[in-house]
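# What the coordinates show
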Amino acid sequence: LEKEIARSNDDIMHQTGKMILTSVIIALIFIAIASAIVLLIANKLSRPLVQLTLLAKQLAQGNFDSLEAVTSKGVNTKKMVLNADGEIGQLGHSFIEMASQIRQSQQKLEDYNRTLADKVQARTQELEQANLKLQELDQLKTNFLSTVSHELRTPLTSVLGFARIIQKKFESDLIPVLQDSGDKKIDRAVRQIVSNTAIIVEEGQRLTTLINDVLDLAKMEAGRIDWNMKPIHIEDVIERSMTATTALFENKDVQLRKEFCASVPEIEADRDRLIQVVINLISNAIKFTQHGAVTLKTQLTDQALIVSVSDSGCGIRPEDQALVFEKFKQVGDTLTDKPKGTGLGLPICKEIIEHHGGSVWVESTLGAGSTFFFSLPLPDHNSQKPNCSDHHEISFVHHLPQTALEQRLQAFTASHHDSRGHGKQILVVDDDPNIRQLLLQELGNEGYTVSGAASGLDALALMQTKIPDLVVLDVCMPHLNGFTVAAELRANPCTLSLPIVMHTVAEDKKLGKVLSIDRYLTKPVANKVLIDEIKELLLSNAANTAKHIVLCDPDANRRQRLAEQLSVTPHQLHQAGDIETCLHHCQQYPVNLVIAPALPEIESSIIKRINTASSTIHSLFLLLD
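Residues numbered from 1 in each chain as written. Predicted model: local features only at pLDDT ≥ 70, side-chain atom pairs only at ≥ 80, totals over all residues. Heavy atoms only, no water.

Let us now look at the pairing of strand 7 (residues 304–311). Of all eight residues making up strand 7, eight are buried, and the element is well covered by its neighbours. Burial along strand 7 is two-sided: Ala304, Ile306, Ser308 and Ser310 and Leu305, Val307, Val309 and Asp311, pointing in opposite directions, are all buried. Where strand 6 (residues 291–300) lies against strand 7, seven bridges are found, and the strand directions are antiparallel. Across the sheet, Gln299 pairs through a bridge with Ile306, a residue of strand 7. Pairing between strand 7 and strand 9 (residues 369–377): seven bridges, direction antiparallel. Note that in strand 9 the partner of Ala304 across the bridge is Pro377. (Buried < 20%, exposed > 50% of the residue type's maximum accessible area, 1.4 Å probe, protein only. Helix = DSSP H or I, 4+ residues; strand = E, 2+ residues; numbered from the N terminus. Pairing = 2+ DSSP bridges.)

As structure tokens, then:
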């Protein structure tokens, strides 16, 4: 029985093992089949998505050719995507359609760009040809004016000469005989002939002046005029011009005055051409002045001699002031005022003065008269044509006679006292008359008292007598660029803290920071932004901000006397009796200006040592001769 039971158990275990093994094999078979089915289904679903992803990457890189064939393992992606079933197939169709539209748009854009580039190139060539044509026409115009003027001179000379002969002979030989006839008809005819011949001579002289002006302007523009440059005294030029125009004042209640400054040096100039300029300015002044005076003045600055001709006439409207130096322009109401002249006098004056390295400008108030200025550089300051590339070449060392500094300090004291209670005054310095006129109007509307200067020389000359509350300064200007003007102002104790707003196309804010420019605005800038910056500076009272000045002089008495004079400025003054003490002050404070006598040891060593020791600010130096 036990053996039978054991045998039965063995059979049972054997059958059970076989059943378990069979079950495991069957299960593995089912798992393999299910995995294969799942893999096939997943591959069918994912491969279109993968190909869509690859296609999207190709399109993102701008490869639109991938629409036609992007293969992976020899399978055509486009066909695979389009043959996908269900929602994936719809997605593939939509994507392919979108990509095709993008490609068409891209092709159209490329075609348009090619067409646009061709059009731009064609227009550029047309503009270049038109510009060359305009230059040729301008040259032809100049040659035509010159030729016609020359051809008119000969017959005009004959007409004018014979008219004068007839006038003289008629008055000397015929009038005494005809006046004794007693015939009223003959007397009336005599008066008419005298009047008519006078008109012929006057109009002939006016036509001669016009022809001479046209010839002069044509020669100057063509660079064919001869200049007789030699040392002259400006007083002789003015005296000669006043003598030549005395007859213009005989029938008018107008006085001709002169005010010359002392010790005017000789200048290098063409004497006859300057006489022509002064005569023209005097003639214009008397032409529009019925009562009062015409005054000629000379002023001397550090760099230039300035001559002005002032009148008490009708003045010039602000909108016309920018036009007076244009050729053939007659300002004012030509129907009522009927101004006489050719409109070439002032343009010729401008050409003459600019050839000498100077500039000419006008200041006028309607109904109160006009003042025409022109500047001539002194022998050591002859300037070249304006060049924006030169604005880095500025000097941080300035020389000045001590007496001139004392005069500046005295003028500063008087100016500061006189300006109390008055409105804020702004000086706009820009050689572009349109920009200048725009700022004059905009700032004037804000309630400021605004004046203008066409160059750096003019601005410095104006500030010799009156220091404004703020300066708006351009960089690229004739004769002195804006950075040089700023350096001049920062080397002057009276204008050391004068607020300066740089308004320019030149981008050099680094140099502006070195020169302590208060605001640096690059053109074009909105008018509101400029006005807001100006308001902020004026409200902050930046002009009275104390700067640090070191007065270095081994002579204690001279140093103390100059220190007392410098006390009128709002700046903090440090005194030094030797170079080491001066260096010590420069290491302790952000020194803006060092004033010292022009001694060899100062110029050879202290300047370099101070700028090396002072890392916070670049000091300027004023050396007193």
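That covers the picture; the talk isn't over yet.
Packing of helix 10 (residues 433–445) against helix 14 (residues 527–539) leaves a shortest axis separation of 11 Å and a crossing angle of 60°. If you check the angle between helix 10 and helix 14, you find them oblique. Relative to helix 14, the crossing made by helix 10 is right-handed. Contacts from Leu438, Leu439, Glu442 and Leu443 in helix 10 reach Asn527, Leu530, Ile531 and Ile534 in helix 14. Residue classes in the contact of helix 10 with helix 14 are distributed as six nonpolar, one polar and one charged. (Axes fitted to C-alpha atoms, helices over the stretch in contact; angles between N-to-C directions. Parallel < 35°, antiparallel > 145°, perpendicular 65-115°, else oblique. Left-handed = near helix turned anticlockwise from the far one by under 90°. Contact = heavy atoms within 4.5 Å. Nonpolar A, V, L, I, M, F, W, Y, C, P; charged D, E, K, R; others polar.)

Summed over the entire model, instances satisfying the criterion amount to two aromatic pairs. Considering the side-chain rings of Trp361 and Phe373, the 5.1 Å spacing of their centres and the 10° angle between planes classify their relative orientation as stacked. Within this pair, whereas Trp361 is found in strand 8 (residues 359–365), its partner Phe373 is found in strand 9, the two being separated by twelve residues in sequence. Each member of the pair, Trp361 as well as Phe373, is classed as buried. Taking 6.4 Å as the distance between ring centres and 25° as the angle between the ring planes, the aromatic pair formed by Phe483 and Tyr520 counts as stacked. Of this pair, Phe483 sits in helix 12 (residues 482–490) while Tyr520 sits in strand 15 (residues 519–522), placing them 37 residues apart in sequence. The exposure classification of Phe483 matches that of Tyr520, with both residues buried. (Phe/Tyr/Trp six-rings, centres within 6.5 Å; stacked < 30°, edge-to-face > 60°.)

Okay, the packing of helix 5 (residues 234–244) against helix 6 (residues 271–287) next. Their axes nearest at 9 Å, the elements helix 5 and helix 6 cross at an angle of 50°. Between helix 5 and helix 6, the crossing angle belongs to the class labelled oblique. Remark: the crossing between helix 5 and helix 6 carries right-handed chirality. Residues Ile234, Val237, Arg240, Ser241, Met242 and Ala244 of helix 5 lie in contact with helix 6, whose contacting residues are Arg271, Leu274, Ile275, Val278, Ile279 and Ile282. Across the contact of helix 5 with helix 6, the residue classes break down as nine nonpolar, one polar and two charged.

Once that is clear, we can look at helix 5. All of the buried residues along helix 5 are Ile234, Glu235, Val237, Ile238, Ser241 and Met242. Down the axis of helix 5, the smallest arc covering the buried residues is 160°, so these residues share one side. Helix 5 presents Thr243 and Ala244 as exposed residues on the side facing more than 90 degrees away from its buried surface. (Arc of directions from axis to C-beta.)

Moving on, we get to the nonpolar core. Grouped together as the largest cluster of nonpolar side chains are 47 residues, with contacts concentrated most on Val429, Leu473, Phe483, Leu515 and Ile595. Per-element tally for this core: the top contributor is helix 12, with five residues. Setting aside chain neighbours within four positions, we find Ile595 in contact with Pro493, Ile549, Val550, Leu551, Cys552, Leu562, Leu566, Leu622 and Leu624. (Core = buried A, V, L, I, M, F, W, Y, C linked by side-chain atoms within 4.5 Å.)

This part is about the confidence of the model for the chain. Counting all residues, the mean pLDDT for the chain is 78, and 79% of those residues have values of 70 or more. Contacts of residues 69–76 to residues separated by more than four positions or lying in other chains number twelve contacts, the stretch itself having pLDDT below 50. Scored below 50 in pLDDT, residues 381–392 makes 20 contacts in the model with residues more than four places away or belonging to other chains. (pLDDT = per-residue confidence, 0-100.)

Bringing the sheet that holds strand 4 (residues 253–259) into the picture now. Taken in spatial order, the five strands make up an open sheet running 4-6-7-9-8, and their pairing is mixed. The open sheet has two edge strands, strand 4 and strand 8, and neither has a second partner. Averaged over neighbouring strand pairs, the angle between their axes works out to 15° when direction is ignored. Helix 6 rests against strand 4, strand 6, strand 7 and strand 9 of the sheet, and its axis sits at about 170° to strand 9. The strands that helix 8 (residues 345–355) touches are strand 8 and strand 9; relative to strand 9, the one it contacts most, it runs at about 25°.

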